[in-house]
Amino acid sequence: MRARIRSVAELERIFDLSAEEREAVSRHVGGLPVGITPYYASLMGLSDPMEPLRRTHIPVGQEYLRSPGEADDPLGEDHDTSVPGLVHRYPDRVLFLTTGTCSTYCRYCTRSRMVGQSGGEYQFSIRQWEQALSYIEAHPEIRDVLLSGGDPLTISDEKLDYLLGRLHAIPHVEFVRTGTKVPTVLPMRITRDLVRVLKKHQPLWMSIHATHPKELTPEVTEAYARLADAGIPLGSQTVLLKGINDSVETMKALNHGLLKRRVRPYYLYQCDPITGSAHFRTPVAKGLEIIEGLRGHTTGYAVPQYVIDAPGGGGKIPLLPDYFVGRDGDDLILRNYEDNLYRYHDPVEDDAPDVEGAPC
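Quick caveat: nothing in here was measured; it's all calculated off a predicted structure.

1. Brief notes about the layout of surface pockets
Summary: where empty space remains is shown by rolling a probe the size of a single water molecule over the atoms. Of the pockets and cavities examined, the largest pocket occupies roughly 1,200 Å³. Looking at the lining of the largest pocket, the elements with two or more residues in it are β3 (93-97), β4 (144-148), β5 (175-180), β6 (204-209), β7 (234-240) and β8 (264-270). Among the elements that line the lining of the largest pocket, the one with the most residues is β8, at five residues. When its residues are assigned to classes, the lining of the largest pocket shows 24 nonpolar, 13 polar and 12 charged. Lining the second largest pocket we find 13 residues, and of these G31, L32, E63, S112 and T275 sit closest to its centre. Taken together, the residues that form the lining of the second largest pocket break down as five nonpolar, four polar and four charged. Among the domains, domain 1 (8-63) and domain 2 (77-318) are the pair contributing at least three residues each to the lining of the second largest pocket.

Here's what the structure looks like:
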């Protein structure tokens, strides 16, 4: 973490920067600074500005353009914040923003408005944690807590131990999840000491941010294995990114690699419309094309849910290719992965809703 690449001078020592990259880094102020671990930089194209991993972490000029539909807080998290750092949107679960620090800063970050603030990376204090914990204790409908940020695994072992212990001491909290990119970009953080801390606080689930097959190195393989061996169920969350992972071949290779490492592909996100992210977003049709290219062509475990996190706080909405063709009398007409049509006998009951022509 201390050796992260942060400035134009440090970047130029390692990368052959384009004029656009140099200018974009030089003009940056505020949140979402440049921050790349030396390990992760070693996976990037040092002379190719179009190399996928490099594009996700070194700013370009398009980051400073606001396109239609974009916002600093597109998901309306601030609106649903009950106490500082705690978002209560869904009835039975909350999002607990534990820190404003990440080990690396993805240029398409949903929380670009708040992470890595200038003048010192913003971190929630223990006092703010206690406010959030008191809120959770006072709301027995909360059964599921998702730790995010920033990245919870940038917090020290001792503080993580404390926070997880406090959460699991609340009777109505059934399980805790954490979202993290650390095992992928800073795999040496997954020490045996950290794993011992995490193993103490079961049930604990982990969603790992993965972007591209290039990330699945021997170091990352060992980090994932340590977590899986500790009995922590692992899922992956991937953001669909234009020119980076937006092909069936790339996504299939990534998901197969994750499964081999005991990580279940969970979500494929349409890139959130944060300010300055248009150059990362694909049409929604591209995401549907990828799901259609996976479904039936590989194991179902390798097919994530494709979702849009609805702007304005609507939550995650799953999208599927249209396999429902229509109805013919008492038969449904269905299309399979080979584009062949099949009938499924499904008599209409008198009180059944009309599904003629309804999206599937």
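2. Some details on the domain arrangement of the protein chain
Examined at the domain level, the protein chain breaks down into domain 1 (8-63), domain 2 (77-318) and domain 3 (323-359). Placing the centre of domain 1 and that of domain 2 at their C-alpha centroids yields a distance of 23 Å. Taken together, the 23 residues of domain 1 in the interface contact 33 residues of domain 2. Of the roughly 2,300 Å² buried at the junction of domain 1 and domain 2 (both faces included), carbon and sulfur atoms supply 60%. Here domain 1 and domain 2 share two salt bridges between them.

3. What to know about a nonpolar patch on the surface
A cluster of nonpolar side chains, L334, Y342 and Y344, forms an exposed patch at the surface whose accessible area comes to about 310 Å². Here L334 lies in strand β12 (residues 331-335). You can call L334 partly exposed: its relative accessible area is 30%.

4. Quick word on the packing of aromatic side chains
All chains considered together, the criterion is met by four aromatic pairs. Ring geometry for F175 and W205: centres 6.3 Å apart, planes at 55 degrees, overall tilted. Within this pair, whereas F175 is found in strand β5, its partner W205 is found in strand β6, the two being separated by 30 residues in sequence. Centroid distance Y267 to Y269: 5.3 Å. Interplanar angle 55 degrees. Geometry classified as tilted. A residue is classified by how much of its surface remains accessible, and Y269, at 13% relative accessible area, is buried. Here the aromatic residues Y266, Y267 and Y269 are joined through ring pairs into a cluster of three or more.

Reading guide: rules and limits
Residues numbered from 1 in each chain as written. Predicted model: local features only at pLDDT ≥ 70, side-chain atom pairs only at ≥ 80, totals over all residues. Heavy atoms only, no water. 1 Å grid on protein atoms, 1.4 Å probe; cavity = no way out; pocket = protein on both sides within 12 Å on 5 of 7 lines; lining within 4 Å. Points joined across faces, edges and corners; volume = space filled by probe spheres on them. Helix = DSSP H or I, 4+ residues; strand = E, 2+ residues; numbered from the N terminus. Nonpolar A, V, L, I, M, F, W, Y, C, P; charged D, E, K, R; others polar. Domains from an automatic or database assignment. Contact = heavy atoms within 4.5 Å. Buried area = accessible area lost by both parts, 1.4 Å probe. Salt bridge = Lys/Arg side-chain N within 4 Å of Asp/Glu carboxyl O. Patch = residues over 30% accessible without salt bridge, like charges linked within 9 Å, V, L, I, M, F, W, Y side chains within 5 Å. Areas by Shrake-Rupley, 256 points an atom, 1.4 Å probe, with all protein chains shown as cover. Buried < 20%, exposed > 50% of the residue type's maximum accessible area, 1.4 Å probe, protein only. Phe/Tyr/Trp six-rings, centres within 6.5 Å; stacked < 30°, edge-to-face > 60°.

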